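Secondary and tertiary structure notes
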Amino acid sequence: MVSSYDTRGQITRRFQIVIQINTIPEILDFSLNPAAARTGHFKLPRAILVERNWNRLHLVGSVIMADKSTIEWTDTTWNPVTGCTKISAGCDNCYAARFSERFRGVPGHPFQNGFDLTVRPERLLQPLDWKKPRMIFVNSMSDLFHKAVPKAHIARVFDTMERADWHIYQILTKRSSLLQKFINDRYKERPAPPHIWFGVSVENEQATTRVTHLQKANAAVRFLSVEPLIGPVGKLNLRNV
Ligand code: SF4
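Definitions and limits used
One numbering rule holds for all chains: residues counted from 1, following each sequence as written. In view of the model being predicted, local features appear only for residues whose pLDDT reaches at least 70, and side-chain atom pairs are presented and counted only at 80 or more, with totals across whole chains, interfaces and linings using the full set of residues. Helix and strand definitions follow DSSP, with helices as H or I runs of at least four residues and strands as E runs of at least two, each counted in order from the N terminus. Here a residue counts as buried when 20 or more other C-beta atoms sit within 10 Å of its C-beta, as exposed when there are 12 or fewer, and as partly exposed otherwise, the C-beta atoms being derived from the backbone. Note on contacts: residues are paired as contacts if their backbone-placed C-beta atoms lie within 7 Å. The rule is simple: place the C-beta atom from the backbone, and if it lies within 6 Å of a molecule or strand, the residue is near it. Each residue is assigned to one of three groups, with Ala, Val, Leu, Ile, Met, Phe, Trp, Tyr, Cys and Pro labelled nonpolar, Asp, Glu, Lys and Arg labelled charged, and all others, Gly among them, labelled polar. Whether two strands pair depends on DSSP finding at least two bridges between them. Handedness of a crossover: with both strands directed away from the viewer, a clockwise path from the first strand across the helix to the second marks it as right-handed. Known as pLDDT, the predictor's per-residue confidence is scaled from 0 to 100. Among buried residues, those of type Ala, Val, Leu, Ile, Met, Phe, Trp, Tyr and Cys that are joined through C-beta atoms within 7 Å form a set called a nonpolar core. Angles here are taken between N-to-C directions and fall from 0 to 180 degrees, while the axes themselves are lines fitted to C-alpha atoms, restricted in helices to the stretch in contact.

1. Brief notes about the overall build of the protein chain
- Scanning the protein chain from terminus to terminus reveals seven helices and eleven strands.
- Considering the protein chain as a whole, with its 241 residues, one finds that 29% of them fall into the buried category.
- Within the protein chain, counting contacts between residues at least 6 apart in sequence, those at least 24 apart form 68% of the total.

2. Some remarks on the site of the ligand
- Every residue lining the ligand is accounted for by Cys84, Lys86, Ile87, Cys91, Cys94, Ala96, Ala97, Ser142, Asp143 and Lys174.
- Of the residues assigned to the shell around the ligand, the class counts are six nonpolar, one polar and three charged.

3. Observations regarding the pairing of strand β11 (residues 221-225)
- Looking at chain direction, strand β10 (residues 196-201) and β11 are connected through five bridges and run parallel. Paired with Trp197 across the strands is Val221, a residue of β11.
- Handedness of the crossover is the feature at issue here: the chain leaves β10, passes through helix α7 (residues 209-216), returns alongside β11, and the resulting connection is right-handed.

4. Considerations on the confidence of the model for the protein chain
- In the predicted model, the protein chain carries a mean pLDDT of 79, and the fraction of residues at 70 or more is 71%.
- When the criterion is pLDDT under 50, residues 1-66 qualifies, and its contacts beyond four places in sequence or with other chains add up to 96 contacts.

5. Observations regarding the pairing of strand β9 (residues 168-173)
- Here β9 lies mainly inside the structure; five of its six residues are buried.
- Strand direction decides the pairing type here: strand β8 (residues 135-138) and β9, joined by four bridges, are parallel. Bridge pairing in β9 places Phe137 opposite Gln170.
- One crossover worth recording links β8 to the parallel β9 by way of helix α5 (residues 151-163), and it is right-handed.
- Pairing analysis gives five bridges linking β9 to β10, with the strands arranged parallel. Bridged to Gln170 within β10 is Trp197.
- At this point the chain moves from β9, through helix α6 (residues 176-186), to the parallel β10, and the crossover so formed is right-handed.

6. What about the nonpolar core?
- Counting 30 residues, the largest nonpolar core has Val138, Leu144, Tyr169, Ile171, Ile183 and Phe198 as the members making the most contacts within it.
- Of all the elements in the fold, those that place two or more residues in this core are β8, α5, β9, α6, β10 and α7.
- Residues within four places of Leu144 in sequence aside, it is in contact with Val81, Val138, Asn139, Val149, Ile154, Val157, Ile171 and Thr173.
- Counting residues in each nonpolar core, the second largest holds five residues, with Cys84, Ala96, Phe99 and Phe115 among its members.

7. Here we look at the sheet that holds β8
- The strand order β5-β8-β9-β10-β11 describes an open sheet built from five strands, whose pairing is parallel. The sheet is open, and its two borders are formed by β5 (76-78) and β11, each paired with just one other strand. Across the sheet, the axes of successive neighbouring strands diverge by a mean angle of 30°, strand direction being ignored.
- Along the sheet face, α7 touches β10 and β11 and points at about 160° away from the line of β10.

8. Focus on unusual backbone geometry
- For the bond from Glu227 to Pro228, the omega torsion is -5°, close enough to zero to count as cis.
- In this structure, Asn139 takes a positive phi of about 65° despite not being glycine.
- Relative to the helices and strands, Asn139 resides in the loop between β8 and α5.
- In this model, Asn240 sits at a positive phi of 65°, which is unusual for a non-glycine residue.
- Turning to its location among the elements, Asn240 is positioned in the segment after β11.

So, in structure tokens, the structure goes:
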């Protein structure tokens, strides 16, 4: 019996695990690694959830467990970068930071380096493997436009999003000026494709300048995330959002 935790670290459900798969070493590793079991980041790298009820979980084949999101406005998270640094008051209670730091130093864990910014080229092509259309939250555990993320890596993220155009991608940032610059450099002649949505977080009135950057970005679809709402935001100009 293990506990299942969501990305905010809350227990979602307790499972008995039944695994029908041929990767015995990983299964042993999983069963012996309480930290991995606690988070649902199984050492078993790929497994398909084929049956789930209140007591049993069957895994066969290959899907990364973490690709199902508990966030209500998306289907899946995709993290070609993890880790970040705090930039404004809205970061004070960053769940990604809290979650990641819990596993700093756990050998083999995806967050063994905690919330240190980590570029993950091995994840760049993941959306191409997902054949059914999904709503994908890009970088739920980071900020794609963090100044330490190489521009070439961001460009490769966009290459994948343009190729796997049957999905909808939701990119949310607090680094709105860097978003504006990147988008306007990449999409000079025409707006970014409509299956790539761009959003900024607005937590108080100081953060409303991000809306202006978003409006100046050559995007087809723009959105706001007005949370955590830690102060009045005043009158928001929602033109083209
Ligand atoms: S920008 Fe986002 S991911 Fe980065 S520290 Fe702030 S809330 Fe967390």
